[in-house]
Amino acid sequence: MAVSDESRRSEAEAMCPHRLVLEHVTSRWGVLVLIQLLERPYRFSELRRAIGRVSEKMLTQTLQTLERDGLVHRDAKPVIPPRVDYSLTVLGREAAERIRGLALWTEQRLPDVLAARQAYDGARQAYDEARASR
């Protein structure tokens, strides 16, 4: 008998709930959604355009996950056609500001990271060549 996704999720949440929230907040699309929503509320389609290269399915899943964690508010207006706006909750804004700080740090320190990569790659190549010549 197969274990359901719901059952696996409940087990993961019980074992390490803070790790699961961290995964949601720092996921590829979670980071981008949180940072984008810092600007203002967005409708689904405009959020998708603003983020770029995210599928409708992944954005939907990410928004649902962040909403479930209390980070994103979904405001569905009963109009025709339906209008749904997404915004950050107070908790979501706090998380997004911290994530944005990390994103800014990566922008500022990118030259150092690239230099470290180059040094590593050069040392690794020299090591591999030395081993191959034995």
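For clarity, every value in this text was computed on a predicted model and none was experimentally measured.

Definitions and cut-offs
Residues numbered from 1 in each chain as written. Predicted model: local features only at pLDDT ≥ 70, side-chain atom pairs only at ≥ 80, totals over all residues. Heavy atoms only, no water. Helix = DSSP H or I, 4+ residues; strand = E, 2+ residues; numbered from the N terminus. Buried < 20%, exposed > 50% of the residue type's maximum accessible area, 1.4 Å probe, protein only. Contact = heavy atoms within 4.5 Å. Areas by Shrake-Rupley, 256 points an atom, 1.4 Å probe, with all protein chains shown as cover. Lys, Arg positive; Asp, Glu negative; His and termini not counted. Charge placed at Lys NZ, Arg CZ, Asp CG, Glu CD. Pairing = 2+ DSSP bridges. Core = buried A, V, L, I, M, F, W, Y, C linked by side-chain atoms within 4.5 Å. Bend = angle between axes of the 7 residues up to and from the residue. Axes fitted to C-alpha atoms, helices over the stretch in contact; angles between N-to-C directions. Parallel < 35°, antiparallel > 145°, perpendicular 65-115°, else oblique. Nonpolar A, V, L, I, M, F, W, Y, C, P; charged D, E, K, R; others polar.

## Some remarks on the overall build of the protein chain
A tally of helices and strands in the protein chain yields six helices and three strands. For the protein chain, the succession of helices and strands along the chain, N to C, is α-α-α-β-α-α-β-β-α. Judged by the C-alpha coordinates and their principal axes, the protein chain covers about 75 × 45 × 25 Å. Residues counted as buried form 22% of the 134 residues belonging to the protein chain. Long-range pairs, those at least 24 residues apart, make up 46% of the contacts in the protein chain with a sequence separation of at least 6. With an accessible surface of roughly 10,000 Å², the protein chain has 55% of that area assigned to carbon and sulfur atoms. Across the protein chain, the 22 positively charged side chains and the 19 negatively charged ones have centroids separated by 3 Å.

## Re the pairing of strand 2 (residues 72-77)
One ladder, built from six bridges, connects strand 2 with strand 3 (residues 83-88); its direction is antiparallel. Among the inter-strand pairings, alanine 76 is bridged to a residue of strand 3, identified as valine 84. Taken together, strand 2 and the strand that follows it, strand 3, pair antiparallel across an intervening segment of five residues.

## Quick look at the environment of arginine 124
Here arginine 124 shows up in helix 6 (residues 90-132). Between the C-alpha atoms of arginine 124 and isoleucine 99, which are 25 residues apart in sequence, the distance is 32 Å.

## Description of the nonpolar core
By size, the foremost hydrophobic cluster in this structure holds 21 residues, and its most contacted members are Val33, Leu37 and Leu47. Going through the elements one at a time, helix 3 (28-37), helix 4 (44-51), helix 5 (56-68), strand 3 and helix 6 are the ones with two or more residues in this core. The element contributing the most residues to this core is helix 3, with four residues. Aside from chain neighbours lying at most four places away, what touches leucine 47 is Val33, Gln36, Leu37, Tyr42, Leu59 and Leu63.

## Thoughts on helix 6
Considering bend angle alone, the principal kink of helix 6 is centred on arginine 109 and spans about 60 degrees; proline proline 111 follows within four residues of it. Among the residues making up helix 6, those that are buried are Gly92, Ala95, Ala96 and Ile99. The inward-facing, buried residues of helix 6 contact helix 2 (17-26), helix 3 and strand 3.

## Section: the sheet that holds strand 2
If you walk across this open sheet you meet the three strands as 1-3-2, and the pairing is antiparallel. At either margin of the open sheet sits one strand with a lone partner, and together these are strand 1 (42-43) and strand 2. Across the sheet, helix 3 is in contact with strand 1, strand 2 and strand 3; its angle to strand 3 comes to roughly 90 degrees.

## Some remarks on unusual backbone geometry
Of the consecutive residues isoleucine 80 and proline 81, the connecting peptide bond is found in the cis state with omega at -5 degrees. With respect to the secondary-structure elements, proline 81 resides in the loop between strand 2 and strand 3. The backbone of arginine 53 shows a phi angle near 55 degrees, a positive value even though the residue is not glycine. Locating arginine 53 in the fold gives a position in the loop between helix 4 and helix 5.

## Describing the packing of helix 2 against helix 3
The angle between the axes and the distance between the axes are what describe a pair of packed helices. Where helix 2 meets helix 3, the axes come as close as 5 Å, and the angle between the chain directions of the two elements is 65 degrees. In terms of orientation, helix 2 and helix 3 fall into the roughly perpendicular class. Only Arg28, Gly30, Val31 and Leu34 of helix 3 make contact with helix 2, whose side of the interface consists of His24, Val25 and Thr26. In terms of residue class, the contact of helix 2 with helix 3 is built from three nonpolar, three polar and one charged.

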